[in-house]
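# Structure at a glance
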Amino acid sequence: MSRRMAPLDRRLFLRYGTAASSAVCVPALYSPGVFADELTQTPGMTEGPFYPDKMPLDTDNDLLIIGDKINPSVGEVTHLTGRVLSPSGQPVRNALVEIWQCDNNGAYIHSRSGNGDKRDGNFQGYGRFLTDSKGQYYFRTIKPVPYPGRTPHIHFAVSKGKNRLLTTQMLINGHPQNERDGVFRDITDLKIRQAVLVDFKPLEKSTIGELAAHFEMVLGTTPEDTTHG
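### So, the overall build of the protein
When you go through the protein residue by residue, the secondary structure sums to 4 helices and 10 strands. Shown N-terminal to C-terminal, the secondary structure of the protein runs as helices and strands in the order α-β-β-β-β-β-β-α-α-β-β-β-β-α. The proportion of buried residues among the 229 residues of the protein is 50%. Nonlocal contacts in the protein, meaning residues at least 24 apart in sequence, comprise 76% of its contacts between residues at least 6 apart.

### Observations concerning the side chain of aspartate 62
Within the secondary structure layout, aspartate 62 lies in the loop between α1 (5–23) and β1 (77–85). Here arginine 140 takes part through its side chain, which lies 2.8 Å from a polar atom of the side chain of aspartate 62.

### Digging into the pattern of salt bridges
Enumeration according to the criterion identifies 5 salt bridges in this entry. For aspartate 181, the salt bridge goes to arginine 150, with nearest N and O atoms at 2.6 Å. Linking aspartate 181 in the loop between β6 (163–172) and α2 (182–185) with arginine 150 in the loop between β4 (136–142) and β5 (153–160), this pair joins segments that are 31 residues apart in sequence. Overall, the relative accessible area of 1% leaves aspartate 181 in the buried class. Given the relative accessible area of 11%, arginine 150 is considered buried.

### Some words on the packing of aromatic side chains
Counting across every chain of the model gives 8 aromatic pairs. With centroids separated by 6.3 Å and ring planes inclined at 65°, the aromatic side chains of phenylalanine 129 and phenylalanine 139 adopt a geometry described as edge-to-face. Placement of the pair is phenylalanine 129 in strand β3 (residues 126–130) and phenylalanine 139 in strand β4, with a sequence separation of 10 residues. Here the aromatic rings of tyrosine 137 and phenylalanine 156 are separated by 6.0 Å at their centres, their planes lie at 65°, and the arrangement is edge-to-face.

### Overview of the confidence of the model for the protein
One rule of thumb: low pLDDT means the predicted coordinates there are not for detailed reading. Residue-level pLDDT values for the protein average 86, and 81% of them are 70 or greater. Low confidence marks residues 1–11, where pLDDT is under 50. Its contacts with residues over four positions away, or in another chain, come to 21 contacts. In the model, residues 25–36 has pLDDT below 50 throughout and makes 18 contacts with residues more than four positions away in sequence or in other chains.

### Structural notes on the side chain of histidine 214
Mapped onto the elements, histidine 214 comes out in strand β9 (residues 211–214). A relative accessible area of 16% places histidine 214 in the buried class. Among the polar contacts listed, one links the side chain of histidine 214 to the side chain of glutamate 216, at a separation of 3.0 Å.

### Some details on the sheet that holds β6
The mixed open sheet is built from 5 strands, whose spatial order is β3-β2-β5-β6-β7. Here the strands that pair on one side only, and so sit at the sheet edges, are β3 and β7 (197–198). Relative to β7, β6 runs parallel, the two being bridged by 2 bridges. Residue pairing for β7: isoleucine 172 is matched across the bridge by valine 198.

Each value, and the rule that gives it
Residues numbered from 1 in each chain as written. Predicted model: local features only at pLDDT ≥ 70, side-chain atom pairs only at ≥ 80, totals over all residues. Heavy atoms only, no water. Helix = DSSP H or I, 4+ residues; strand = E, 2+ residues; numbered from the N terminus. Buried < 20%, exposed > 50% of the residue type's maximum accessible area, 1.4 Å probe, protein only. Contact = heavy atoms within 4.5 Å. Polar contact = N/O pair within 3.5 Å; in protein donor to acceptor, adjacent residues only side chain to side chain. Salt bridge = Lys/Arg side-chain N within 4 Å of Asp/Glu carboxyl O. Phe/Tyr/Trp six-rings, centres within 6.5 Å; stacked < 30°, edge-to-face > 60°. pLDDT = per-residue confidence, 0-100. Pairing = 2+ DSSP bridges.

Below, the structure written as structure tokens:
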């Protein structure tokens, strides 16, 4: 794990987390369990072939800057926030949230990415974050772009201890390629489909065109249910 992870997590979360959540009109926090019947479980989706086969040296939550490099990666800067919730609506704290995605050229950091020769060497491609007491996480990354055969998406994994609790993907709400995407079309329930579609909106007061996105994940089981499995 990156030597910068702990201080960077806190600094970026405090600086951008609240503003990014506000920009996408996140519903007000509610008492855990009050709306449990209304929560829709986030569907599991394939991990895909490009989960990193070799972890980058930097695995923090800022995917735009690698280590001590000065040059940032190319793409639409996005402040990605969210929460991890149990089926009853309880926030899941200290859950490890991982994301991985292709760069602005459509290349993953995986060694078998089809167009690795075009890879943006300044894009981290993978990040991780431990949720806080409210189940919240934060990443600074780029708005996902399409690559051959897939609509734009970001891969997510949620783990607690040694247990993988959820593997899913986040898609751009309203993107024209969604309905032609085979992975997305495997989800036939319209309500469940909505659970993985996310709006990307301008970040309030940003002078450089940054975006904000918010993705809440509702687990199908509580972490305690998996500790003895």
